Amino acid sequence: MKHFSHIIISIIVGLMVIFIFNLFYLTGLYKSIKTETEMIVINCIEEADIKEAVIRLEQKAKINGPNTISIEKGYHNDSLTSVVTNSGNVVENKSSAINPQESFVKAMLREMQVTIHSQFDKYQAVNLNRLDSLMRNELTLRGLNLGLYRIDVINKQNNTVVNSSNPSYHCEDNVYVVLYDYDPGSSLQYKITMEPITQVVLNQMIGLLVTTFLLIVMLVIAFWYLIKTIINQRTLEEMKDDFTNNMTHELKTPIAVAYSATDTLLNFHQGDNKQLREKYLKICLDQLSRLSGLVENILSMSMERRRNIAFNKETIPLKTMIEELCEMHKLKSKKDVVITSDIQPSDLTIECDSAHLGNIFSNLIDNAIKYSLDNVKINICARQENNNIVISIKDNGIGISTKNIEHVFDKFYRVPMGNIHEVKGYGLGLYYVKCIIQQLGGNIMATSHLHHGSCFTLTLPIK
């Protein structure tokens, strides 16, 4: 049991380590995807801002005529030269013999963007509605399904709103806000209010999250089933050990008694006395009968593995069978037994194996006698309901508690009674009864109240 506990603890610790490792991994992955998504949002803002600035230059050039606007930012040594002329387009883009790195190109575009804002915003302010539309397009192109609530131009020094794309919108608590300095030399910056990016990140992780969750659930279920199976096997093994020990002792007793009686008759000339001879022979007969019953109990253990039993079915009059069994049990019992039967109709018959059906009734009647006090009263009722026969065997015995009644049909199970009412047995009788009834296509139910008797109800098909 100690090693078993260690195994259980090791498995639980292992599952916890796996769960914690996956939790750390998923947390790191979430942060990584979130950071990447935030960078994509910044890139969208940059692209939308550059496009909005170029559109303003184009519009201004068309209004004021040619050669009125010339914003030039030159980088010599043939590395990169970008010139924005009266048409508002980049008409010249020279690169050196060696292609510039992407980060270098971005830096140049950023420098051009800052130059446009610093020199042109004082003549014409940023069109936030256009910037809003361009921003939405950039987000869509990059596959980010983020709602854009509002774009503000705010003063960094006093955090006041200078201009807004949607003045009527009131910020909610659960929003994602990005502050973007489009002109570091100015005190103005963009404040973009969007939907939270948490859902976007989770959507990208949904496959991994579902797979991980299902894996953990399957591990937990497999672990639970494994532990339950092991516990059941250990319980069954302990019960089998107890049964073997008890049965070994019980087998030795009738053998020893029969041996002693036979030895007395043979070696001590007790056989000459008729009364003593009959007495010892009767002792031998009783012990052999008891030994036969023990062997039958051992054989009934194989019922668990026998799924298909060949029954020798015949038409059985229930009244005759029950009355014969009742007389037999009254004769062999040392208690005062009163058994009443009520078979309706009196000629009620059933197609069944007489040997197995007789064993079923014998087990139930024998239990009713054994687990009753000195004055035993048993009532047996049988009646037909549709295509079934319902048989109830009720006694005035010591009864079974509620917590034990559900286990009475379990293999090797015996209701713990302490020293109050000690009855020998092996917990196989009711198990055998249930197995046979199920093979016959019926069922059995037990009801009982402690100190107020028990009732076993059998339902069997007529055919």
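Up top you'll find the structure we're talking about.
Every value quoted in this text rests on a predicted model; they were computed, and no experiment measured them.

K.L.:
Sorry, what's going on with the sheet that holds strand β11 (residues 375-385) here?
P.N.:
The strands making up a sheet associate through hydrogen bonds between their backbones, and the pairing can be parallel or antiparallel. Reading across the sheet, the five strands line up as β9-β11-β12-β14-β13 and stay open at both edges, with mixed pairing between neighbours. Whereas interior strands pair on both sides, the edge strands pair on one side only; in this sheet they are β9 (336-344) and β13 (443-448). Sheet twist, expressed as the mean angle between neighbouring strand axes with direction ignored, is 15°. For β13 and strand β14 (residues 454-461), the ladder comprises six bridges, and the chain directions are antiparallel. Within the sheet, the bridge partner assigned to Ser448 lies in β14 and is Ser454. With respect to the sheet, helix α6 (residues 318-332) is in contact with β9, β11 and β12 (388-395), its orientation differing from that of β9 by roughly 180°.

K.L.:
What is the right way to read helix α7 (residues 354-370) from this model?
P.N.:
Count 3.6 residues to each turn of an α-helix, and residues three or four apart come out pointing the same way. Taking 1.5 Å of rise per residue, 17 residues should cover 24 Å, and α7 covers 24 Å from first to last C-alpha, within 8% of that figure. Taken as a whole, α7 has its buried residues at His356, Leu357, Gly358, Ile360, Phe361, Ser362, Leu364, Ile365, Asn367, Ala368 and Ile369. Looking at where α7 begins, the residue whose side-chain oxygen comes 3.1 Å from the main-chain nitrogen of His356 is Asp353.

K.L.:
What exactly am I supposed to notice about empty space enclosed by the protein here?
P.N.:
Space left empty within the atom packing is revealed by a probe, the size of a water molecule, rolled over the atoms. Here the structure, examined in full by the defined rule, presents three cavities of 30 Å³ or more. Considering only enclosed or pocket space, the largest cavity measures out at about 60 Å³ in volume. Lining the largest cavity are Lys313, Ile350, Glu351, Cys352, Leu440, Leu460, Pro461 and Lys463. For the lining of the largest cavity, the elements supplying multiple residues, two or more each, are β10 (349-353) and β14. With three residues, β10 is the single largest residue contributor to the lining of the largest cavity. Looking at the lining of the largest cavity, its residues break down into five nonpolar, no polar and three charged.

Calculation notes
Residues numbered from 1 in each chain as written. Predicted model: local features only at pLDDT ≥ 70, side-chain atom pairs only at ≥ 80, totals over all residues. Heavy atoms only, no water. Pairing = 2+ DSSP bridges. Helix = DSSP H or I, 4+ residues; strand = E, 2+ residues; numbered from the N terminus. Axes fitted to C-alpha atoms, helices over the stretch in contact; angles between N-to-C directions. Contact = heavy atoms within 4.5 Å. Expected span 1.5 Å × (residues − 1). Buried < 20%, exposed > 50% of the residue type's maximum accessible area, 1.4 Å probe, protein only. Polar contact = N/O pair within 3.5 Å; in protein donor to acceptor, adjacent residues only side chain to side chain. 1 Å grid on protein atoms, 1.4 Å probe; cavity = no way out; pocket = protein on both sides within 12 Å on 5 of 7 lines; lining within 4 Å. Points joined across faces, edges and corners; volume = space filled by probe spheres on them. Nonpolar A, V, L, I, M, F, W, Y, C, P; charged D, E, K, R; others polar.

Limitation: the analysis is restricted to geometry and does not speak to function.
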